[in-house]
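So the chains spell out like this:
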Amino acid sequence: MIEVRDLSKWFTGPGGLRVTAVDALRFTVRPGEVFGLLGPNGAGKTTTLRMLCTVLTPTDGTATVAGYDVVKEPGEVRRHVGFLSANTGVYDRMTAWELVEYYGRLHQVPPDELRQRMEELFDTLQMRTFRDVRGGKLSTGMKQKLSIARAMVNDPPVLIFDEPTAGLDVLVQRAVLDNIKKLRDRGKTIIFSTHIMREVERLCDRVAVMAKGRLVACGTLDELREMYKQNDLEELFFELVR
Ligand SMILES: Nc1ncnc2c1ncn2[C@@H]1O[C@H](COP(=O)(O)OP(=O)(O)OP(=O)(O)O)[C@@H](O)[C@H]1O
């Protein structure tokens, strides 16, 4: 479960001016649900997701992730969250297998359980072919799959994905989306940001549309279509954020 209550973040921009990146955001994401965060460039999606995984501290408001407060209990939040962004790094000198194992150990997953989980992850994400290849020699898509395996190795109840398919070819995109669906079906709480409407239609149970840091709409796609009398999702998005 993710609960966001009046969450805000502002930065000091050029010339000391205040840049409000996220403005009094409110939403809830439930277990077994994929929640899409949509918005144009600069809408505040990444800033929101970074606050939820404790990389950034909110300026105002609160958020709890898996029942833990992001400001008061950041260690617990990190233990219960898998985070993935398009530029999550992988270590050049570790093989794919070593990297996932390393993160599993950091999360103190018991050795037998870790091995079993890694075998499953390498199968479902189709990572067997590059299991023993070092990070520095992997393609963008392989690195992205590896980052997903890393985010999932401790089987966290909450997954936060910032544009998980950015820069991937259609085959890897599909594998990533299929995996997100499987995670949802296993009861995970999933939030992800994207610009791609097709992904939203295929995957999201509910969406929040952001513009200039604010929430401009939130609901299931059918609810939004009904509310704004617009069936074409791209058109609807355009109307909401312009
Ligand atoms: N560290 C920072 N210092 C100053 N301003 C920032 C900082 N990080 C983000 N911003 C500003 O906050 C706003 C929201 O940025 P954010 O990266 O959250 O948007 P986004 O919705 O993820 O955009 P994109 O789709 O382009 O990734 C933008 O105006 C951005 O310039």
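About the cut-offs
Residues numbered from 1 in each chain as written. Predicted model: local features only at pLDDT ≥ 70, side-chain atom pairs only at ≥ 80, totals over all residues. Heavy atoms only, no water. UniProt positions renumbered as here; feature names shortened; annotations may be inferred. Buried < 20%, exposed > 50% of the residue type's maximum accessible area, 1.4 Å probe, protein only. Helix = DSSP H or I, 4+ residues; strand = E, 2+ residues; numbered from the N terminus. Pairing = 2+ DSSP bridges. 1 Å grid on protein atoms, 1.4 Å probe; cavity = no way out; pocket = protein on both sides within 12 Å on 5 of 7 lines; lining within 4 Å. Points joined across faces, edges and corners; volume = space filled by probe spheres on them. Nonpolar A, V, L, I, M, F, W, Y, C, P; charged D, E, K, R; others polar.

- In the nomenclature of an unreviewed UniProt entry, the protein chain is known as ATP-binding cassette domain-containing protein of Gemmata algarum.
- The UniProt entry for the protein chain carries this comment under Sequence similarities (unreviewed entry): "Belongs to the ABC transporter superfamily."

## A word on the pairing of strand 3 (residues 33-38)
Turning to step 1, where the next piece is worked out: Most of strand 3 sits inside the fold, with six of its six residues counted as buried.
Turning to step 2, where the next piece is worked out: Residues of strand 3 alternate between two faces, with Glu33, Phe35 and Leu37 on one and Val34, Gly36 and Leu38 on the opposite face, all of them buried.
Turning to step 3, where the next piece is worked out: Where strand 3 and strand 8 (residues 189-194) come together, six bridges link them in parallel fashion. Paired with Leu37 across the bridge in strand 8 is Ser193.

## Things to note about the UniProt feature "domain: ABC transporter" (unreviewed entry) in the protein chain
Turning to step 1, where the next piece is worked out: Within this structure's numbering, the places UniProt gives as "domain: ABC transporter" (unreviewed entry) are residues 2-237.
Turning to step 2, where the next piece is worked out: The straight-line gap between the two end C-alpha atoms of residues 2-237 is 24 Å; of that span, 37% is helix and 28% is strand.

## Brief notes about the layout of surface pockets
One simple way to see leftover space: roll a probe sized like a water molecule over the atoms.
Turning to step 1, where the next piece is worked out: For the largest pocket, the calculated volume is near 480 Å³.
Turning to step 2, where the next piece is worked out: Every residue lining the largest pocket is counted, 22 residues in all, and those nearest its centre are Arg78, Arg79, Val81, His107 and Asn154.
Turning to step 3, where the next piece is worked out: Among the elements of the structure, helix 2 (74-79), strand 6 (81-85), helix 3 (96-106) and helix 5 (140-152) are those that each provide at least two residues to the lining of the largest pocket.
Turning to step 4, where the next piece is worked out: When its residues are assigned to classes, the lining of the largest pocket shows ten nonpolar, eight polar and four charged.
Turning to step 5, where the next piece is worked out: Of the voids in this model, the second largest pocket is the one considered here, and its volume is about 270 Å³.
Turning to step 6, where the next piece is worked out: Around the second largest pocket, the lining is made up of 15 residues, and of these Arg117, Glu120, Leu121, Met152 and Arg186 lie nearest the centre.
Turning to step 7, where the next piece is worked out: Within the residue set of the lining of the second largest pocket, elements represented by two or more residues are helix 4 (111-124) and helix 6 (170-185).
Turning to step 8, where the next piece is worked out: No other element matches helix 4, which puts six residues into the lining of the second largest pocket.
Turning to step 9, where the next piece is worked out: Looking at the lining of the second largest pocket residue by residue, the class counts come to five nonpolar, three polar and seven charged.

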